[in-house]
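Take a look at the letters that make up each chain.
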Amino acid sequence: QVQLVESGGGLVQAGGSLRLSCAASGRTFSSAGMGWFRQAPGKEREFVATISLSAGSTYYADSVKGRFTISRDSTKNTVYLQMNSLKSEDTAVYYCAVALRPGYRWYWRYDYDYWGQGTQVTVSS
């Protein structure tokens with residue numbers, strides 16, 4: 001079992017920044033990667049970013065590339081999502097997730113095994 005707790009969401013003006021954190025506990029040593037997804041009202045949950053926990057490789061959705069940065073602190077079992085130049089369309093509940101199996105499809109939500117409870121990000125225009 002892996003437990004994930006997100007924090008750092010809130011209300012920010014367009015053009016502003018936020019940093020989300022995801023603290024993992026439990027069987028984190030067997031994790032292959034961690035990612036962030038988001039879900040806006042009435043929309044499907046969509047991929048935002050992921051990081052491989054072995055190689056540190058990162059991948060991003062086109063919509064956030066150049067604005068968001070995913071990083072990790074292995075000593076704290078924590079993954080971060082730095083969000084800059086926020087836009088109103090970034091408004092959503094952001095979820096942290098962990099994938100246990102190597103070779104997971106980083107963009108595919110169903111390849112992630114555990115999820116956090118989500119944190120709300122609201123960007124006002």
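Coordinates for the structure precede this section.
**Student:** How would you explain the sheet that holds strand β8 (residues 78-83) if you had to name every residue and give the values?
**Tutor:** With antiparallel pairing, the four strands of this open sheet are ordered in space as β1-β3-β8-β7. Each end of this open sheet is capped by a strand with a single partner; those strands are β1 (2-7) and β7 (68-73). For this sheet, the mean angle separating the axes of adjacent strands, direction not counted, is 20°. Direction of pairing for β1 relative to strand β3 (residues 18-26): antiparallel, over a ladder of six bridges. Considered in β3, the bridge of Glu6 is made with Cys22.

**Student:** Residue-level account of the nonpolar core, with values.
**Tutor:** Trp36, Leu81, Met83 and Tyr94 are the most contacted members of the largest nonpolar core, which totals 34 residues. Secondary-structure elements contributing two or more residues to this core are β1, β3, β4 (33-39), β5 (46-52), β7, β8, β9 (92-99) and β11 (119-124). Here this core takes six residues from β9, the largest share from any one element. Here Met83 is in contact with Gly16, Ser17, Leu18, Leu20, Arg67, Phe68, Tyr94 and Val121, once residues within four sequence places are set aside.

**Student:** Before we move on, could you go through the pairing of β5 and cite the residues and values that matter?
**Tutor:** Burial of β5 is extensive: six of the seven residues sit out of reach of the surface. Bridge analysis of β4 against β5 gives six bridges, and the strand direction is antiparallel. Across the sheet, Arg38 pairs through a bridge with Glu46, a residue of β5. Taking the residues between adjacent antiparallel strands as the criterion, β4 and β5 are bridged by six residues, where Gly42 takes a positive phi near 75°. Judged from the three bridges that link them, β5 and strand β6 (residues 58-60) form a sheet pairing that is antiparallel. What sits directly across from Ala49, in β6, is Tyr60. Here β5 hands over to β6 after five residues, with Gly56 in that stretch at a positive phi of 80°.

**Student:** Break down the pattern of salt bridges for me, with residues and values.
**Tutor:** Counting across every chain of the model gives six salt bridges. Close ionic contact of Asp90 with Arg67 constitutes a salt bridge, the shortest N to O distance being 2.8 Å. With a gap of 23 residues between them, Asp90 in the loop between β8 and β9 and Arg67 in the loop between β6 and β7 connect regions that are remote in the sequence. When salt bridges with common partners are traced through the structure, they connect Arg38, Glu46, Arg67 and Asp90 into a single cluster.

**Student:** Any details on the side chain of Arg67? Residues and values, ideally.
**Tutor:** Classification of Arg67 by relative accessible area gives buried; the value is 10%. Within the structure, Arg67 has its side chain in polar contact with the backbone oxygen of Ser85 (distance 2.9 Å). Excluding residues within four positions of it along the chain, Arg67 makes contact with Gln82, Met83, Asn84, Ser85, Leu86, Lys87 and Asp90.

**Student:** So, the environment of Leu100: which residues are in play, and what are the values?
**Tutor:** Note that Leu100 resides in the loop between β9 and β10 (114-115). The exposure class of Leu100 is partly exposed, given its relative accessible area of 26%. Between the alpha carbons of Leu100 and Ala32 there is a distance of 5.0 Å; along the sequence they are 68 residues apart. In this structure Leu100 touches Val2, Ser30, Ser31, Ala32, Asp113 and Tyr114, once residues within four positions along its chain are discounted.

The rules behind each value
- Residues numbered from 1 in each chain as written.
- Predicted model: local features only at pLDDT ≥ 70, side-chain atom pairs only at ≥ 80, totals over all residues.
- Heavy atoms only, no water.
- Pairing = 2+ DSSP bridges.
- Helix = DSSP H or I, 4+ residues; strand = E, 2+ residues; numbered from the N terminus.
- Axes fitted to C-alpha atoms, helices over the stretch in contact; angles between N-to-C directions.
- Core = buried A, V, L, I, M, F, W, Y, C linked by side-chain atoms within 4.5 Å.
- Buried < 20%, exposed > 50% of the residue type's maximum accessible area, 1.4 Å probe, protein only.
- Contact = heavy atoms within 4.5 Å.
- Salt bridge = Lys/Arg side-chain N within 4 Å of Asp/Glu carboxyl O.
- Polar contact = N/O pair within 3.5 Å; in protein donor to acceptor, adjacent residues only side chain to side chain.

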